[in-house]
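Here are the chains, one letter per residue:
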Amino acid sequence: MSELRTVAVTGAASGLGRELALQFAASGYTVYGTALSMEEAGGLADEPGVNLSVVDVADDSAVRAWADEVAEAVGDHGLDILINNAGILTPGPLEVLPIAEIRREFDVNVFGTISATNAFLPLLRTARGRIVLIGAMTGRFPLQFNGPSSATKAALEAIADVYRNELRPFGVDVVIAQAGNMLTGGPAKTAAALDRVTESFTAQQRDLYGENFAAFKDALNGMQGSGLPAVDAAAWVVRLATEEPAPSRAPVGQDAVEILRRVASDTDEQLDALRAELLGSRVA
């Protein structure tokens with residue numbers, strides 16, 4: 001049996017994706033990753049065993065060209081693991097967010113995942129490999145002012161179920177990792193995005209949403225700032241990516257474990273009260 005082990009990681013330039021690339025490479029995998037720019041990657045391409053390409057996962061033709069490059073590199077071995085990690089966050093009240101920004105989040109988080117998965121399926125079938133989708137606990141526990149992200153992560157839950165059953169005959173496993181709050185470099189970006197939303201409010205929107213959105217900002221910044229460190233989150237995902245037998249879905253982080261336990265047992269009214277408690281929302 002060949003000793004070659006291969007993994008592709010979308011969104012490998014920063015945060016969780018960067019740590020995944022480093023940990024897989026340290027474990028002996030040849031890593032193929034995407035970045036939006038080499039400047040963003042900050043020298044990751046120079047790490048032994050890591051091969052980076054500049055790809056926007058929302059561009060299907062670019063994703064397929066990347067998959068062709070990887071296919072040429074891995075040859076008959078195929079691809080052992082695909083980590084669909086690339087994602088963006090668009091916080092704010094649904095009434096306020098421009099539809100183009102919501103559409104962009106779906107383009108990256110949902111359609112980008114489908115694009116990458118389909119592009120690599122021939123290689124995954126060859127290796128009888130595994131697909132890991134980086135979801136979130138919000139896919140099962142949507143949060144106010146986090147609508148686009150919650151909706152895209154809920155879509156990934158359904159997509160994972162569909163792919164898992166469609167690909168089972170080919171020996172390809174599908175796992176969705178339901179991430180909780182992670183300290184992966186994202187909190188600063190999230191804080192900046194939250195500030196941009198606040199600054200964009202009209203006077204009427206500020207009257208309608210200002211108080212609750214301010215509470216949401218404080219709560220989300222606090223939760224992300226104290227989240228699971230990138231190195232630990234990546235180790236958790238690597239374990240899911242290599243565990244036998246493959247789990248269908250699994251939480252990442254103790255907060256995700258607890259929230260998903262409550263989702264399985266609590267009523268809608270109890271879960272709404274939990275949302276208000278977690279995010280400091282004023283209940284009318």
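Everything below is about the structure printed above this text.
Just so you know, these numbers come straight off a predicted model, no measurement behind them.

Q: Which parts of the structure should I look at to understand the packing of helix α3 (residues 60–74) against helix α4 (residues 99–127)?
A: Relative placement of two packed helices is described by the angle separating their axes and the distance separating the axes. Direction vectors running N to C along α3 and α4 enclose 25°, while the axes themselves pass 9 Å from each other. On the basis of their axis angle, the class for α3 and α4 is roughly parallel. In terms of crossing hand, the pair formed by α3 and α4 is right-handed. On α4, the residues touching Asp60, Val63, Arg64, Trp66, Ala67, Val70, Ala71 and Val74 of α3 are Ser115, Ala116, Asn118, Ala119, Phe120 and Leu123. Per-class residue counts for the contact of α3 with α4 are 10 nonpolar, 2 polar and 2 charged.

Q: Can you help me understand the packing of helix α9 (residues 254–265) against helix α10 (residues 268–279) in this one?
A: With their axes 9 Å apart at the nearest point, α9 and α10 run at an angle of 150° to one another. Relative to α10, α9 is oriented roughly antiparallel. On α10, the residues touching Ile259, Arg262 and Val263 of α9 are Gln270, Leu271, Leu274 and Leu278. In terms of residue class, the contact of α9 with α10 is built from 5 nonpolar, 1 polar and 1 charged.

Q: I would appreciate a short explanation of the pattern of salt bridges in the present structure.
A: Think of it this way: side chains of opposite charge can pair up when their charged atoms draw near. Summed over the entire model, instances satisfying the criterion amount to 12 salt bridges. Between aspartate 60 and arginine 64 there is a salt bridge whose closest N-O contact spans 3.2 Å. Taken together, the residues span about one helical turn, with aspartate 60 and arginine 64 both in helix α3 at a distance of 4 residues. The partly exposed category is assigned to arginine 64, whose relative accessible area is 38%. Among the charged side chains, a network of salt bridges with common partners joins Arg140, Glu157, Asp161, Arg164 and Arg249.

Q: It is not clear to me how helix α1 (residues 15–26) should be interpreted in this structure. Could you clarify?
A: In this model, α1 (12 residues) spans 17 Å end to end at C-alpha, consistent with the 16 Å of a helix rising 1.5 Å per residue. Where α1 is concerned, the buried positions are Leu16, Gly17, Glu19, Leu20, Ala21, Gln23, Phe24 and Ala25. Glycine 28 occupies a position one or two residues after α1 and carries a positive phi of about 100°.

About the thresholds
- Residues numbered from 1 in each chain as written.
- Predicted model: local features only at pLDDT ≥ 70, side-chain atom pairs only at ≥ 80, totals over all residues.
- Heavy atoms only, no water.
- Axes fitted to C-alpha atoms, helices over the stretch in contact; angles between N-to-C directions.
- Helix = DSSP H or I, 4+ residues; strand = E, 2+ residues; numbered from the N terminus.
- Parallel < 35°, antiparallel > 145°, perpendicular 65-115°, else oblique.
- Left-handed = near helix turned anticlockwise from the far one by under 90°.
- Contact = heavy atoms within 4.5 Å.
- Nonpolar A, V, L, I, M, F, W, Y, C, P; charged D, E, K, R; others polar.
- Salt bridge = Lys/Arg side-chain N within 4 Å of Asp/Glu carboxyl O.
- Buried < 20%, exposed > 50% of the residue type's maximum accessible area, 1.4 Å probe, protein only.
- Expected span 1.5 Å × (residues − 1).

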